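Spelled out from the first residue to the last, the chains are:
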Amino acid sequence: MSQPSLIERLAILADAAKYDASCASSGTSKRNSKGGTGIGSTEGMGICHAYAPDGRCISLLKILLTNHCVFDCHYCINRKSSNVRRARFTPQEVVDLTLSFYRRNYIEGLFLSSGIVRNSSHTMEQMVEVARILREEHDFRGYIHLKTIPEADPELVRQAGLWADRVSINVELPTKAGLTKLAPDKSEAVIEGAMADVKEAIAENKDARKHFRSAPKFAPAGQSTQMIVGADAASDADIVGKASALYGKFRLRRVYYSAFSPIPDASSVLPLKRPPLIREHRLYQSDWLMRFYGFAAREVQAAAGADGMLPLDIDPKLAWALKFRESFPVDVNRAPREMLLRVPGLGTKAVGAILASRRHRTLRLEDVAKLTVSVTKLRPFIVTADWRPVLLTDRADLRALIAPQRSEQLELFAA
């Protein structure tokens, strides 16, 4: 069989990388090309798929080094028993592609992952070499995210952090039982051990930079991970609990959730249908509640039903508010920030605006309505100078009154 051309390999390996959701570039340090040296920039303009902290789109070349793999994870399209067309890049080819795409203003950075070829350390060494060549030989200032391999030599993972803006290690599945069943070649202890090593390296680097300004940065955008949703029997409560534990133990920047997508020639242990994408969306909303709204994991879990699943027709904050109505209504002119953040329909910006405005005036319902998309969701849960919900908060049919109309479910990879 003839070797696929570069363009054919790019098509194969870019398509194979689409299942990895954890490629956002938020949190990186800002580099630029001022002074006439170096190429690339994390501050330039581009067309894109990842977002910086200030909301800028950052376009990334997102590919695998290879889709060959010695592992046989049941949920993975690139598993060794899968009947897919295989391809592989050399480190230099990935470097050339990255620079070529950058010079055409297609991208501002690189997201590189890989199947495991030969062994984990050999593959990790190849990925690190891509980042090293870009940074050291071409003075590349763009964003680099390396998907590291937990089974690889820890020293290689540390080298990855010296060249990349962000490193990530996928926990794959939210429960140990699920990982054992669907990814028999992987170990929860090994994965979490590698994440702990990265956390320690980041902490050591921050300490070193306090004493020596010349100390090289280590993964300035931190580390992230990804969990597959719907491939095993884990409930939303299980996933929320796992995410909270990961944030607490490893100080992750992000946990990404990826809805399981059925693959060709799938194992009989996998579900026949993908979970609804709205489930993935509800988990991201739950993640936001824990990270930005002051909710504890147990509170988000309490919003789930008896089966541990979050409702799909309403967001988790509304589900929590309906379940714990004794916490409402909240007086927008008197309540502290942490209680305002629990009001369905009020985001962090709206709460900030309320706190700033009420220093100078007493807020009415129409004032609050200007800060949100719809006041309908707010009415049962707030008190203003001219509005009090009276018995509305306790109505048996409140959910039906304020729940949004259901819309058609979109497909993740539909043409």
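No experiment lies behind these values; they were computed from the predicted model shown.

Some words on the pattern of salt bridges
Okay, step 1: Counted by the stated rule, this structure contains 21 salt bridges.
Okay, step 2: Here arginine 158 and glutamate 204 are joined by a salt bridge, their closest N and O atoms 3.2 Å apart. On the criterion of sequence distance, the pair formed by arginine 158 in helix 4 (residues 154-163) and glutamate 204 in helix 6 (residues 188-211) is long-range, its members being 46 residues apart.
Okay, step 3: We note a salt bridge from lysine 377 to aspartate 315, for which the minimum N-O separation is 2.9 Å. Note that lysine 377 is positioned in the loop between helix 13 (365-369) and strand 10 (382-383) and aspartate 315 in the loop between helix 9 (297-302) and helix 10 (316-323), a separation of 62 residues in sequence.
Okay, step 4: Exposure remark for aspartate 315: the relative accessible area of 14% places this residue in the buried category.

Side note on helix 6
Okay, step 1: Over its 24 residues, helix 6 extends 35 Å from the first C-alpha to the last, a length consistent with the 34 Å expected when each residue adds 1.5 Å.
Okay, step 2: Every buried residue of helix 6 is listed here: Ile191, Glu192, Ala194, Met195, Val198, Ala201, Ile202 and Asn205.
Okay, step 3: Buried-residue contacts for helix 6 involve helix 4, strand 6 (166-168), helix 5 (176-182), strand 7 (223-229) and helix 7 (236-250).
Okay, step 4: Taking the backbone nitrogen of alanine 189 as reference, a side-chain oxygen 3.3 Å away marks serine 187 as the first, capping residue of helix 6.

Considering helix 3 (residues 120-137)
The α-helix winds at 3.6 residues per turn, so residues separated by three or four positions along the chain end up facing the same way.
Okay, step 1: End to end, helix 3 covers 25 Å across 18 residues, agreeing with the expected 26 Å (1.5 Å per residue, within 8%).
Okay, step 2: Of all 18 residues in helix 3, 13 are buried; the element is thus mostly enclosed.
Okay, step 3: Taken from the residues just after helix 3, aspartate 139 is the one with a positive phi, measuring 55°.

Description of the packing of helix 4 against helix 6
Okay, step 1: Interhelical geometry of helix 4 versus helix 6 gives an angle of 45° and a closest axis separation of 10 Å. The orientation of helix 4 relative to helix 6 falls into the category oblique. The handedness of the crossing between helix 4 and helix 6 comes out as right-handed. Across from Pro154, Val157 and Arg158 in helix 4, the residues of helix 6 making contact are Asp197, Val198, Glu200, Ala201 and Glu204.
Okay, step 2: Counted by class, the contact of helix 4 with helix 6 contains 4 nonpolar, no polar and 4 charged residues.

Brief notes about the packing of aromatic side chains
Okay, step 1: According to the stated counting rule, one finds 8 aromatic pairs in the structure shown.
Okay, step 2: On the basis of an interplanar angle of 85° and a centroid distance of 5.4 Å, the ring pair of phenylalanine 295 and tryptophan 320 is categorised as edge-to-face. Residue phenylalanine 295 is found in the loop between helix 8 (277-292) and helix 9, and its partner tryptophan 320 is found in helix 10; the two are separated by 25 residues along the sequence. For the pair formed by phenylalanine 295 and tryptophan 320, the shared burial category is buried.
Okay, step 3: Aromatic rings pair up to connect Phe295, Trp320, Phe324, Phe328 and Phe381 into one cluster.
Okay, step 4: The aromatic ring of phenylalanine 295 is capped on one face by arginine 342, whose charged end is 4.3 Å from the ring centroid.
Okay, step 5: The ring of tryptophan 320 is capped by arginine 342, whose NZ or CZ atom sits 5.1 Å from the centre of that ring.

Considerations on the sheet that holds strand 4 (residues 109-113)
Okay, step 1: The parallel open sheet is built from 6 strands, whose spatial order is 3-4-5-6-7-8. Every other strand in the sheet has two partners, leaving strand 3 (60-64) and strand 8 (254-259) as the edge strands with one partner each. Here the average twist between neighbouring strands, direction ignored, is 20°.
Okay, step 2: Looking at chain direction, strand 5 (residues 143-147) and strand 6 are connected through 3 bridges and run parallel. For histidine 145, the partnering residue across the bridge sits in strand 6 and is arginine 166.
Okay, step 3: Set on the sheet, helix 3 makes contact with strand 4 and strand 5; between it and strand 5 the angle comes to about 170°.
Okay, step 4: The strands touched by helix 8 are strand 7 and strand 8; relative to strand 8, the strand with the most contacts, the crossing angle is about 165°.

Structural notes on the confidence of the model for the chain
Okay, step 1: Scored by pLDDT, the chain has a mean of 88; 88% of the residues are at 70 or more.
Okay, step 2: Across residues 39-48 the pLDDT falls below 50, and counting only partners more than four positions away or on other chains, this stretch makes 47 contacts in the model.
Okay, step 3: Counting contacts from residues 408-415, a segment whose pLDDT is below 50, to residues more than four positions away or on other chains yields 13 contacts.

Details of the environment of glycine 305
Okay, step 1: You can see glycine 305 is positioned in the loop between helix 9 and helix 10.
Okay, step 2: Once the C-alpha coordinates of glycine 305 and aspartate 236 are considered, the two residues, 69 residues apart in sequence, prove to be 9.6 Å apart.

Cut-offs and rules
- Residues numbered from 1 in each chain as written.
- Predicted model: local features only at pLDDT ≥ 70, side-chain atom pairs only at ≥ 80, totals over all residues.
- Heavy atoms only, no water.
- Salt bridge = Lys/Arg side-chain N within 4 Å of Asp/Glu carboxyl O.
- Helix = DSSP H or I, 4+ residues; strand = E, 2+ residues; numbered from the N terminus.
- Buried < 20%, exposed > 50% of the residue type's maximum accessible area, 1.4 Å probe, protein only.
- Expected span 1.5 Å × (residues − 1).
- Contact = heavy atoms within 4.5 Å.
- Polar contact = N/O pair within 3.5 Å; in protein donor to acceptor, adjacent residues only side chain to side chain.
- Axes fitted to C-alpha atoms, helices over the stretch in contact; angles between N-to-C directions.
- Parallel < 35°, antiparallel > 145°, perpendicular 65-115°, else oblique.
- Left-handed = near helix turned anticlockwise from the far one by under 90°.
- Nonpolar A, V, L, I, M, F, W, Y, C, P; charged D, E, K, R; others polar.
- Phe/Tyr/Trp six-rings, centres within 6.5 Å; stacked < 30°, edge-to-face > 60°.
- Lys NZ or Arg CZ within 6 Å of the ring centre and 35° of its normal.
- Pairing = 2+ DSSP bridges.
- pLDDT = per-residue confidence, 0-100.

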